[in-house]
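Structure assessment
What follows is each chain in one-letter form.
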Amino acid sequence: MSVYEQFKQLHHQETPLLLSNAWDVASARVMQEKGVKAIATSSSAIADTLGYADGQNISFGELLHIIRRIVACVEVPVSADIEAGYASSTEDLLANIDLLVAAGVAGINLEDSAPSGTRTLLPADDLVKKISAIKSHLAAKGQNLFINARTDTFLLDIPGKLEETFIRARLYAQAGADGLFVPFIKDPADIEAVVSATTLPVNVLAMKGLAGIAELNTLGVKRISMGGSMYWAQKRALGQRLEQVIADGGFESVF
């Protein structure tokens, strides 16, 4: 079974896939050791570790290096968050896809908003063209990637966000997407409505106030991404430990 098929199956099991997002090999290994069945990269976390703001400010080469190392050091499927594709043309996007396939990733996360400056929702057709181009390109080579189509309708809180999500879900599915990611959707009624409106497995983002895993399962959610939350929690914990060392005037709290 290909890594793509293995990863795809995890989106069609009885319980939601808990996808933990790594930022380096060490974090990915801990996630695997704790029983996570698949790992994704976090674009915001990786960017921050290298001193960049989120939003494709990191170069694709730097991102690819981290992705390669993670894939090489874990046994579970890995999905790469490539934001809007790190490309200014279809040709460049497909070149990036070839590098990711060669690296051994199982899937990608591809979003429909402009990542730099003031984030704005792009026309749905922009992502439709990217998904179609990737799927056609890979099919010609006998290859595949799980494309998780991320729509930022709720993240950007646009007017009529639920109805627009329905429209984009349909268009992205027709283009060949394997999954639908709706970050910042939180209300159970909205989640249930989106699940009912698409045949794609629906992915939500862990956030404060989100229902627990059991309830999300009841609502029909198939994938729960941690996003950058684990990274930011670890960064806060580091600061708290250092504060304790300074306050104590010693190092016992570390050990």
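Along each chain, numbering runs from 1 in the same order as the chain's sequence is written. For this predicted model, a pLDDT threshold of at least 70 governs which residues receive local features, and a threshold of 80 or more governs which side-chain atom pairs are given and counted, while totals over whole chains, interfaces and linings are taken from all residues. Side-chain metrics in this entry use all non-hydrogen atoms of the structure; hydrogen atoms and water are not considered.

Some thoughts on the overall build of the protein chain
A run of DSSP states H or I qualifies as a helix once it reaches four residues; a run of E qualifies as a strand once it reaches two. Both are numbered from the N-terminal end. Counting its regular elements, the protein chain contains ten helices and ten strands. A compact globule built from 255 residues would reach a C-alpha radius of gyration of about 18 Å, and the protein chain, at 18 Å, matches this within 12%. Dimensions of the protein chain along its principal axes, counting C-alpha atoms only, are 60 × 40 × 40 Å. A simple rule labels every residue: compare its accessible area, found with a 1.4 Å probe on the protein chains alone, to the largest value its type can have, and call it buried under 20%, exposed over 50%, or partly exposed in between. Counting over 255 residues, the protein chain shows a buried share of 49%. Long-range pairs, those at least 24 residues apart, make up 64% of the contacts in the protein chain with a sequence separation of at least 6. The accessible surface values rely on the Shrake-Rupley method and a 1.4 Å probe; as for residues, cover is taken only from the protein chains in view. Accessible surface, the protein chain as shown: approximately 12,000 Å² in total, 54% of it carbon and sulfur. Positive charge is attributed to Lys and Arg, negative charge to Asp and Glu, and no charge count is given to His or to the chain ends. The atom standing in for a charge is NZ when the residue is Lys, CZ when it is Arg, CG when it is Asp and CD when it is Glu. Taken together, the 22 basic and 29 acidic charged side chains of the protein chain have centroids lying 3 Å from each other. Radius of gyration here is computed from C-alpha atoms only, and the compact-globule reference equals 2.2 Å multiplied by the residue count raised to the power 0.38. Contact definition: two residues touch when any of their heavy atoms are within 4.5 Å.

What about the environment of leucine 10?
Relative to the helices and strands, leucine 10 is located in the loop between α1 (3-9) and β1 (17-22). Using a relative accessible area of 14% as the deciding quantity, one classes leucine 10 as buried. In this structure, the C-alpha to C-alpha distance between leucine 10 and threonine 118, residues 108 residues apart in sequence, is 35 Å. Aside from chain neighbours lying at most four places away, what touches leucine 10 is Leu17, Lys37, Ala38, Pro77 and Lys222.

Some points on the pattern of salt bridges
Salt bridge, as applied in this entry: a Lys or Arg side-chain nitrogen positioned within 4 Å of an Asp or Glu carboxyl oxygen. For the coordinates displayed, the defined rule picks out eleven salt bridges. Between lysine 141 and aspartate 98 there is a salt bridge whose closest N-O contact spans 3.2 Å. Of the two residues, lysine 141 sits in the loop between α6 (124-140) and β7 (146-150) while aspartate 98 sits in helix α5 (residues 90-103), which places them 43 residues apart along the sequence. Owing to a relative accessible area of 44%, lysine 141 belongs among the partly exposed residues under this scheme. With a shortest N-O distance of 3.2 Å, arginine 150 and glutamate 111 are connected by a salt bridge. Taken as a pair, arginine 150 in strand β7 and glutamate 111 in strand β4 (residues 107-111) lie far apart in primary sequence, 39 residues in all. A single burial state applies to arginine 150 and to glutamate 111, both of which are buried. Linked through salt bridges whose partners overlap, the residues forming this network are Glu111, Arg119, Arg150 and Asp152.

A closer look at the pairing of β7
Counting buried residues along β7, five of its five residues qualify, which places the element largely inside the surrounding structure. Alternating positions in β7 separate into two faces, Phe146, Asn148 and Arg150 on one and Ile147 and Ala149 on the other, with burial throughout. We treat two strands as partners when DSSP finds at least two bridges between them. Of the strand pairs in this sheet, β7 and strand β8 (residues 179-181) are connected by three bridges, and their pairing is parallel. Directly across from alanine 149, in β8, lies its bridge partner leucine 180.

Details of the packing of α6 against helix α7 (residues 161-175)
Lines fitted to the C-alpha atoms define the axes, with helices restricted to the stretch that makes contact. Angles between their N-to-C directions range from 0 to 180 degrees. At a closest axis distance of 8 Å, the pairing of α6 and α7 adopts a crossing angle of 20 degrees. By the angle between their axes, α6 is roughly parallel relative to α7. Remark: the crossing between α6 and α7 carries right-handed chirality. Two secondary-structure elements touch here, α6 through Ala124, Leu127, Val128, Ile131, Ser132 and Lys135 and α7 through Arg168, Leu171, Tyr172 and Ala175. Note on residue categories: nonpolar means Ala, Val, Leu, Ile, Met, Phe, Trp, Tyr, Cys or Pro, charged means Asp, Glu, Lys or Arg, and polar means any other residue, Gly included. Here the contact of α6 with α7 is composed, by residue class, of seven nonpolar, one polar and two charged. For classification purposes, angles smaller than 35 degrees are called roughly parallel, those larger than 145 roughly antiparallel, those between 65 and 115 roughly perpendicular, and all remaining angles oblique. Should the near helix be turned anticlockwise from the far one by less than a right angle, the crossing is left-handed, and should it be turned clockwise, the crossing is right-handed.

Overview of the sheet that holds β7
Here eight strands make up a closed barrel; going around it, the order is β1-β2-β3-β4-β7-β8-β9-β10 and the pairing parallel. Recorded for the sheet is a direction-independent mean angle of 25 degrees between the axes of neighbouring strands.

A look at the packing of α7 against helix α8 (residues 188-197)
In the contact formed by α7 and α8, the axes pass within 10 Å of each other and the chain directions differ by 25 degrees. Between α7 and α8, the interaxial angle falls into the category roughly parallel. When you trace α7 past α8, the crossing you get is right-handed. Mapping the contact onto sequence places Leu162, Thr165 and Phe166 in α7 and Asp190, Ala193, Val194 and Ala197 in α8. Taken together, the residues of the contact of α7 with α8 break down into five nonpolar, one polar and one charged.

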